[in-house]
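# Chain and residue survey
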Amino acid sequence: MGTRYIISVECPECSVVTDDVYYAPTCDFVRYKCSCGHVVDLEEYMGITYEEASNAAEIGELLGKERQKPDYWPANPYPESIFPMLREQYPKIVPDPELRSGLSGMLGREFWDIASDAIWAAMLEAEDEWAETWPTEPGRYWFYGWCSKPLRRDYDPEMTLVKVSNAVNSIAYVGNGRFIYKDAVGLWKKAVLPEPPELEESCQA
Ligand SMILES: [Zn+2]
């Protein structure tokens, strides 16, 4: 198993661009046949080899097209090493197709809830941690550290609420009405803001 990509391919023969081309080097999906008949070698086209595709994180960054699952994503709690039964054995054990789909649905519902809860818990825990990585998702974040240039850091680190938003070709970080540049030093954490209260009519005047 390795990284799979959905990519855009421009045919070198007829220049037609096709989106949504499936490229999975480690699963041998490495060729794409254009409507003009030309076969594009995707490995060559993307410049990503089998070995490199097994290196999911790095390649994901390189492509920037498909998002990787974050590190905190929970592992499957039912690994093959502990539950070696194959899916093919299922019809033999439960031969009645009606009973089988009923059973599958019931178990599927249970496992869906387990997976959903596990992912949700892992997300909340990950969000609660301070990270060195600069946030890239738009939103509000706490920044704890020094926002100013290195020469002016003769003060205690400060907590600043920073608005992260998409700007042209980049991401803008604004805190205390000023841009925060990459020479800032500190840690980041997603800010959970309170629900805004209902405003009385008198406040709106
Ligand atoms: Zn073509």
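Attention in this report is confined to the structure presented alongside it. (Residues numbered from 1 in each chain as written. Predicted model: local features only at pLDDT ≥ 70, side-chain atom pairs only at ≥ 80, totals over all residues.)

### Details of the overall build of the protein chain
The helix and strand inventory of the protein chain stands at 6 helices and 9 strands. Looking at the protein chain residue by residue over its 205 residues, the buried ones come to 11%. Across the protein chain, the fraction of contacts at a sequence separation of at least 24, relative to all contacts at a separation of at least 6, is 49%. (Helix = DSSP H or I, 4+ residues; strand = E, 2+ residues; numbered from the N terminus. Buried ≥ 20, exposed ≤ 12 C-beta atoms within 10 Å, placed from the backbone. Contact = placed C-beta atoms within 7 Å.)

### What to know about the pairing of strand β6 (residues 158–167)
Sheet faces and side chains relate simply in a regular strand, where the side chains alternate between the two faces. The pairing of strand β5 (residues 139–146) with β6 spans 7 bridges and is antiparallel. When the sheet's bridge partners are listed, Gly-145 is paired in β6 with Glu-158. Judged from the 6 bridges that link them, β6 and strand β7 (residues 170–175) form a sheet pairing that is antiparallel. Bridged to Asn-166 within β7 is Ile-171. The hairpin formed by β6 and β7 contains 2 residues between the paired strands, and Asn-169 there has a positive phi angle of roughly 60°. (Pairing = 2+ DSSP bridges.)

### Re the sheet that holds β5
Here 5 strands make up an open sheet; going across it, the order is β8-β7-β6-β5-β9 and the pairing antiparallel. Edge positions in the sheet fall to β8 (178–179) and β9 (185–190), since each has one partner strand and no second. Taken together, the 2 bridges between β7 and β8 define a ladder with antiparallel strand orientation. In the strand pairing of β8, Val-174 is matched with Phe-179.

### Describing helix α5 (residues 97–127)
When the terminal C-alpha atoms of α5 are compared, their 44 Å separation across 31 residues agrees well with the 45 Å that a helix rising 1.5 Å per residue should span. Within α5, only 0 of the 31 residues are buried, leaving the element largely exposed. (Expected span 1.5 Å × (residues − 1).)

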